[in-house]
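As a plain string of letters, each chain reads:
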Amino acid sequence: MDLVEVIPDRLHMLRFPIGQAYLWQDGEALTLIDAGNVESAAEIEGAIRSLGLLPERLQRIVLTHCHRDHVGAAGELAARWGARVLAHRLDAPVIRGELPVPEPVLSDWEIPLYAHGLTVPEAPPTRVDRELEDGDALGFGDGAYVVHAPGHTDGSIGIHLPDHGVLFTGDCIAAVGPLMLGVFNVDRGRAIDSFHRLAGLSSSIACFGHGDPLTVDTATALVKAAAGTPA
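Residues numbered from 1 in each chain as written. Predicted model: local features only at pLDDT ≥ 70, side-chain atom pairs only at ≥ 80, totals over all residues. Heavy atoms only, no water.

J.: Help me understand the environment of Leu86 in this model?
T.: Assignment of secondary structure puts Leu86 in strand S6 (residues 84–88). Through-space distance from the C-alpha of Leu86 to that of Ala74 is 9.9 Å; in sequence the pair is twelve residues apart. Not counting residues up to four positions away in its chain, the partners in contact with Leu86 are Arg60, Ile61, Val62, Leu63, Arg130, Leu132 and Leu138. (Helix = DSSP H or I, 4+ residues; strand = E, 2+ residues; numbered from the N terminus. Contact = heavy atoms within 4.5 Å.)

And the structure:
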């Protein structure tokens, strides 16, 4: 795992072989955006300690959607340190293991990529302490709120911190190579609509589920990429 500073004393990216998570600091209070795979708990705890912070200060884990590379370690971390797990209402039953993970509609070129993604260990059923809706306040980042961004999954969300100009896109948008619509969508049309919605938030920093954060000309780049996404 690589630990990458995005905003000094505020935001770090935790990059795994597949996917990534983000750690937000409000002083000593910590919020984790996504949680890597099921084997990632020890690495996440180590990353927190390496920053001179305490894992017991982890207050919440916000899951952008129900996939295994985002949910994996959430249950273990929450059980160990008392953090609350938050996810959108529509993905919460999948995260809890009550419903199966929805199958995406794949283009031919996505099939080998999807097969590679399935090499990540399955996430165990994980409790969800709070089910989220569009516009909900999240209690960190001087006013973070939920932006429902369906299409990748029904309950996919973005997380917007307007006071800091930061946007977490989950897998709605990807930055692996060119800035693009995320892959493996259950509904491409809705995913494109969500791409446009997130791009319209005029963010100065965008943090993706896959690919490095965008910190320069971010708002313009997101709008341009959304506009260039074919239906």
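Following the structure, the description resumes.
J.: It is not clear to me how the layout of surface pockets should be interpreted in this structure. Could you clarify?
T.: Where empty space is left in the structure can be found by rolling a water-sized probe over the atoms. Volume-wise, the largest pocket comes out at about 930 Å³. For the largest pocket, the lining is made up of 41 residues, of which His67, Asp69, Gly117, Phe184 and His210 are closest to its centre. Top contributing element to the lining of the largest pocket by residue count: helix H5 (residues 111–117), with four residues. Partitioning the lining of the largest pocket into residue classes produces 25 nonpolar, ten polar and six charged. The volume enclosed by the second largest pocket comes to roughly 250 Å³. Every residue lining the second largest pocket is counted, 16 residues in all, and those nearest its centre are Trp109, Met180, Leu181, Gly182 and Arg188. The residue inventory of the lining of the second largest pocket, partitioned by class, reads nine nonpolar, five polar and two charged. (1 Å grid on protein atoms, 1.4 Å probe; cavity = no way out; pocket = protein on both sides within 12 Å on 5 of 7 lines; lining within 4 Å. Points joined across faces, edges and corners; volume = space filled by probe spheres on them. Nonpolar A, V, L, I, M, F, W, Y, C, P; charged D, E, K, R; others polar.)

J.: Sorry, what's going on with helix H7 (residues 218–227) here?
T.: Of all the residues in H7, the buried ones are Thr218, Leu222, Ala225 and Ala226. Looking down the long axis of H7, one finds its buried residues gathered within 100 degrees of arc, a one-sided arrangement. Turned more than 90 degrees away from the buried face of H7, the exposed residues are Thr220, Lys224 and Ala227. If you follow the buried residues of H7, they end up packed against strand S10 (166–170), strand S11 (173–174), helix H6 (188–199) and strand S13 (205–208). (Buried < 20%, exposed > 50% of the residue type's maximum accessible area, 1.4 Å probe, protein only. Arc of directions from axis to C-beta.)

J.: Hey, could you run me through unusual backbone geometry in this one?
T.: Negative phi is the rule for most residues except glycine; trans is the rule for most peptide bonds. For Asp34, which is not glycine, the phi dihedral falls at a positive 70 degrees. Residue placement: Asp34 occurs in the loop between strand S4 (29–33) and helix H1 (41–50). Here Asp34 falls in the buried class, since its relative accessible area comes to 3%. The backbone phi angle of Asp142 is positive, close to 60 degrees, even though this residue is not glycine. As for its position among the elements, Asp142 is in the loop between strand S7 (130–132) and strand S8 (145–148).

J.: I keep staring at the packing of H1 against helix H3 (residues 74–81) and nothing clicks. Help me out?
T.: Relative placement of two packed helices is described by the angle separating their axes and the distance separating the axes. Running from amino to carboxyl end, H1 crosses H3 at an angle of 55 degrees, the nearest separation of the two axes being 9 Å. Between H1 and H3, the crossing angle belongs to the class labelled oblique. Contacts between H1 and H3 pair Ala41, Ile44, Glu45 and Arg49 from the former with Glu76, Leu77, Arg80 and Trp81 from the latter. Residues that form the contact of H1 with H3 fall into these classes: four nonpolar, no polar and four charged. (Axes fitted to C-alpha atoms, helices over the stretch in contact; angles between N-to-C directions. Parallel < 35°, antiparallel > 145°, perpendicular 65-115°, else oblique.)

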